[in-house]
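Notes for the structure review
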Amino acid sequence: MQDNATEVTAAGIARLAGVGRAAVSNWRRRHADFPRPVGGTETSPSFALAEVEGWLRKQGKLAEVPLRERVWQQLAGHPEGPLTALVHTGCALLLIHERPTVWLDASAGSDARLAAMLPGALGQVLAARFGGGGPLDTEHGVNSSSTQSTVNAPPTVHTASDVHATSITGTPVTTGAAATAANAAPRATAATQATADTKATPTAPALRTPTGPQLLPSVPLLRGAAELAAEVGARQAFEFLLGRQLDANPRQYTLTPAELAGLMADLAGPARTVLDPACGTGALLRAVDARPEQELYAQDSAPDLAALSALRLALHGRATVRAAVGDTLRADAHPGLRADAVLCHPPFNERNWGHDELAYDPRWEYGFPARTESELAWVQHALARLTDGGTAVLLMPPAVASRRSGRRIRADLLRRGALRAVAALPAGAAPPYNIPLHLWVLRRPDRTPASPEVLLVDTGRFAGEGRGGPDWAAVREGVLDAWRAFARAGRLAERPGLARSVPVIDLLDDDVDFAPARHLPPPAVADGAEQLTRVRERLGATLRLTADLTPPPADPAPPARWPLTTVGELARGGALVMRTGGNGGHARVPVLTDHDVLAGTAPSGTLPESEEEAVLTEPGDVVVPVLGGGSVARVVDEATRGAALGRNLVLLRPDRTALDPWFLAGFLRGTANNRQASSYASTATRLDVRRLHLPRLPLEEQRCYGERFRALDEFERALRHTSRLGEQLVRGMYDGLTDGTVAPNRPGPVPDR
């Protein structure tokens with residue numbers, strides 16, 4: 001059953017029908033029975049999704065829409081917004097995951113019956129997974145905060161005034177802290193029904209059981225999500241929808257890449273209790289290795305993120321999840337926690353972190369942070385929440401290691417043995433991508449080491465080319481190998497240019513600067529001159545090849561007037577197959593990312609494992625990035641065969657008897673072609689591949705164009721290689737001349753002028 005309240009924009013209609021937005025505008029003008037707008041604005045109206053689909057089917061314009069796309073459209077067009085819809089969906093998927101028979105029984109009847117039965121079932125599941133007390137009665141309406149079930153309530157003191165609440169079955173149960181938290185919780189609104197509002201209380205539970213009236217508009221979406229879960233699993237269904245929401249709003253979220261999250265979790269080591277005080281989307285806690293009776297604690301100031309993190313973690317594993325909403329520094333939800341490990345990607349350069357009101361906070365064991373040193377406040381918060389000997393790993397901007405305003409706190413961290421390691425990551429490891437961020441590894445001191453040393457690691461050499469990101473395998477190996485050797489022995493012999501341990505006394509100067517780059521000069525290469533000679537020879541050969549590949553002078557020709565078709569029409573006619581990427585499947589193969597396609601590099605990415613099979617490339621496939629605004633199309637060769645298709649990429653697999661791959665790729669790269677097929681938001685450009693034009697030409701003529709496009713591609717690759725070799729030669733000469741491994745040429749006689 002489709003939801004009449006779900007709305008879709010003209011762009012969404014175009015995606016459903018595989019046409020451009022101009023076609024949708026034409027339909028609205030030419031067809032009197034086209035559905036009327038039900039919302040939006042005059043310039044950007046929205047339509048009821050059910051009415052649009054009915055009209056498209058009646059007109060024969062609707063191809064079979066994949067289930068996952070249908071569910072996403074329902075979520076994106078939800079009347080209360082996609083975040084509320086995503087939280088409702090996550091709650092239902094958790095119920096399906098934990099108690100599938102309960103879902104089957106509840107969903108067997110009408111939408112109204114399902115909405116009425118869900119709160120009771122959800123209350124039991126949420127309380128069981130998130131460590132709350134007994135679920136509370138939710139039958140008294142949407143805005144009754146005193147009767148909504150809460151989970152993850154902050155700890156409160158049990159007193160004689162603990163109240164009795166009615167369980168789902170109607171039996172009175174003593175709920176103690178859960179009831180106290182429920183009565184203190186702020187009133188929910190329709191837009192934020194499953195997340196907490198922090199205005200009324202300093203901290204609040206990350207999730208509350210939504211009521212029947214709140215769930216009723218979401219029921220068609222929940223039924224669709226259940227179908228998707230039956231195909232791919234509840235966890236993968238939620239990961240898909242969450243990933244689409246994050247991809248659709250890249251500027252709204254600061255994400256921690258999966259590779260970095262895994263590295264931070266491995267540095268912290270195995271732990272039974274783990275805290276992330278700025279959890280975001282839950283990537284760090286999700287990367288923690290599972291252990292028996294594990295407890296994951298999370299907090300975030302954004303209610304939506306805290307709720308989504310809690311659901312994501314509950315679907316990911318069997319650990320007990322305790323998540324809360326609130327400003328961690330001003331209102332810590334877990335003040336009594338002593339965790340085995342803390343993982344944190346805190347907000348950077350935050351001035352309004354609570355400097356004025358937290359001057360006498362007991363967490364400042366190492367000194368009161370200056371207003372400009374919010375990161376050092378997060379460092380001390382992490383240490384305060386550790387058990388003795390526990391490990392904290394924080395992602396930090398590089399300036400924190402050297403700013404003068406923080407040198408006293410840094411000095412005390414060193415003297416007392418709290419700071420154990422600093423690892424400089426390559427630029428591009430995490431946002432902001434233009435600076436090399438640091439990882440700080442700290443331990444709450446259980447004893448002061450006799451002769452303390454600090455490990456410094458610099459992995460800047462593993463930066464990737466272009467936008468491809470760093471070589472994560474090399475970064476991971478370099479950091480973990482050095483850390484484990486240092487943790488065993490308490491010191492590490494110098495690994496030139498990569499790592500060394502430094503006595504604390506050597507760092508306690510006026511600056512207390514422990515940025516790894518200042519203490520790990522690049523290694524001097526004994527055969528630097530010989531290496532540069534080889535680079536120069538390769539550059540010369542590449543320059544000659546580039547000259548040979550330079551296109552001949554272009555012959556003038558009158559503007560062509562070809563009959564045109566679109567990629568969407570070719571796909572519907574069977575001349576090509578269109579696939580989108582983003583699924584990791586079960587096979588562990590390299591992933592071709594949009595950065596790889598743009599930079600012309602080998603597959604370098606990774607994707608999480610999923611039940612849905614990955615799209616694997618074959619020679620002759622054409623891969624097109626859909627974000628970024630560049631006119632790029634890459635033909636897959638033997639070297640790229642078998643790679644999984646990454647996110648934000650579309651794969652076109654042409655029928656060789658009807659379409660030449662190089663002809664297809666070449667015409668897709670036309671600037672005017674890309675411009676007419678692109679949509680522009682305030683911060684991004686998105687390409688609708690179905691709208692790209694192609695001329696209708698015989699196969700033999702296609703191949704003539706294809707050969708010319710193939711030659712241009714070889715020339716472009718040669719230019720890229722020449723640029724990289726030239727940069728390598730110039731940098732090597734500068735480094736060699738300045739470190740003494742390359743001698744300058746002796747000056748000859750000055751010629752007469």
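The structure under discussion appears in the preceding block.
Residues numbered from 1 in each chain as written. Predicted model: local features only at pLDDT ≥ 70, side-chain atom pairs only at ≥ 80, totals over all residues. Heavy atoms only, no water.

1. Let's talk about the overall build of the protein chain
Assigned secondary structure in the protein chain consists of 25 helices and 27 strands. A total of 753 residues make up the protein chain; the buried ones form 51% of that total. Surface exposure of the protein chain reaches about 34700 Å², of which carbon and sulfur atoms provide 52%. (Helix = DSSP H or I, 4+ residues; strand = E, 2+ residues; numbered from the N terminus. Buried < 20%, exposed > 50% of the residue type's maximum accessible area, 1.4 Å probe, protein only. Areas by Shrake-Rupley, 256 points an atom, 1.4 Å probe, with all protein chains shown as cover.)

2. Let's talk about the packing of aromatic side chains
Counted by the stated rule, this structure contains 13 aromatic pairs. Plain terms: the ring middles of Trp-27 and Trp-55 are 5.7 Å apart, the flat faces sit at 50 degrees to each other, and that makes the pair tilted. Of the two residues, Trp-27 is situated in helix H2 (residues 21-30) and Trp-55 in helix H3 (residues 49-59); the sequence distance between them amounts to 28 residues. Owing to a relative accessible area of 10%, Trp-27 belongs among the buried residues under this scheme. (Phe/Tyr/Trp six-rings, centres within 6.5 Å; stacked < 30°, edge-to-face > 60°.)

3. A look at the sheet that holds strand E21 (residues 622-625)
Taken in spatial order, the 4 strands line up as E19-E24-E21-E22 in an open sheet, and their pairing is antiparallel. Edge strands, defined here as strands with exactly one partner in the open sheet, are strand E19 (576-580) and strand E22 (634-635). Pairing of E19 with strand E24 (residues 649-654) involves 5 bridges; the strand directions are antiparallel. Following the sheet pairing, Met-578 is matched in E24 by Leu-652. Where helix H23 (residues 661-668) meets the sheet, it contacts E19, E21, E22 and E24, and its direction lies at approximately 15 degrees from that of E21. (Pairing = 2+ DSSP bridges. Contact = heavy atoms within 4.5 Å. Axes fitted to C-alpha atoms, helices over the stretch in contact; angles between N-to-C directions.)

4. Some remarks on the side chain of Arg-385
By the secondary structure assignment, Arg-385 is in the loop between helix H15 (374-384) and strand E13 (386-396). A distance of 3.4 Å separates the side chain of Arg-385 from the backbone oxygen of His-334, its partner in a polar contact. Apart from the residues within four sequence positions on either side, Arg-385 is in contact with Leu-275, Asp-332, His-334, Pro-335, Leu-337, Arg-338, Ala-339 and Arg-363. (Polar contact = N/O pair within 3.5 Å; in protein donor to acceptor, adjacent residues only side chain to side chain.)

5. A look at the pattern of salt bridges
For the structure on display, the rule yields 35 salt bridges. For Arg-653, the salt bridge is made with Glu-618, and the minimal N-O distance between the two is 3.7 Å. Here the residue Arg-653 occupies a position in strand E24, and Glu-618 occupies one in the loop between helix H22 (594-599) and E21, the gap between them amounting to 35 residues. Overall, Glu-618 belongs to the partly exposed group, its relative accessible area being 39%. Across the pair Arg-717 and Asp-713 runs a salt bridge, and its minimum N-O distance is 3.0 Å. Taken together, the residues span about one helical turn, with Arg-717 and Asp-713 both in helix H25 (residues 699-739) at a distance of 4 residues. For Arg-717, a relative accessible area of 35% corresponds to the partly exposed category. The class of Asp-713 is buried, set by a relative accessible area of 15%. (Salt bridge = Lys/Arg side-chain N within 4 Å of Asp/Glu carboxyl O.)

6. So, the side chain of His-355
With respect to the helices and strands, the residue His-355 is situated in the loop between strand E12 (339-344) and H15. The exposure class of His-355 is buried, given its relative accessible area of 18%. At 3.3 Å, the side chain of His-355 and the side chain of Asp-356 are in polar contact. Once you skip the residues sitting within four places of it in the chain, His-355 turns out to touch Phe-368, Pro-369, Ala-370 and Arg-371.

7. Structural notes on the pairing of strand E9 (residues 273-276)
With burial as the criterion, each face of E9 is covered, one bearing Thr-273 and Leu-275 and the other bearing Val-274 and Asp-276. Pairing geometry for E9 and strand E10 (residues 295-300), over 4 bridges, is parallel. Directly across from Thr-273, in E10, lies its bridge partner Glu-295.

8. Some words on the packing of helix H5 (residues 82-98) against helix H11 (residues 234-248)
The interhelical angle for the contact between H5 and H11, taken along N-to-C directions, is 170 degrees, at an axis separation of 9 Å. It follows from the interaxial angle that H5 and H11 lie roughly antiparallel. Residue-level inspection shows Pro-82, Leu-83, Leu-86, Thr-89, Gly-90, Leu-93 and His-97 of H5 in contact with H11, the latter providing Ala-234, Ala-237, Phe-238, Leu-241, Leu-242 and Gln-245. Taken together, the residues of the contact of H5 with H11 break down into 9 nonpolar, 4 polar and no charged. (Parallel < 35°, antiparallel > 145°, perpendicular 65-115°, else oblique. Nonpolar A, V, L, I, M, F, W, Y, C, P; charged D, E, K, R; others polar.)

9. Brief notes about the environment of Met-117
Looking at the secondary structure, you find Met-117 in helix H7 (residues 111-130). For Met-117, a relative accessible area of 31% translates into the label partly exposed. In the structure, Met-117 is positioned 10 residues away from Ser-107 in sequence and 8.9 Å away in space, judged by C-alpha atoms. The residues touching Met-117, leaving out its near neighbours within four places in the chain, are Asp-105 and Ala-106.

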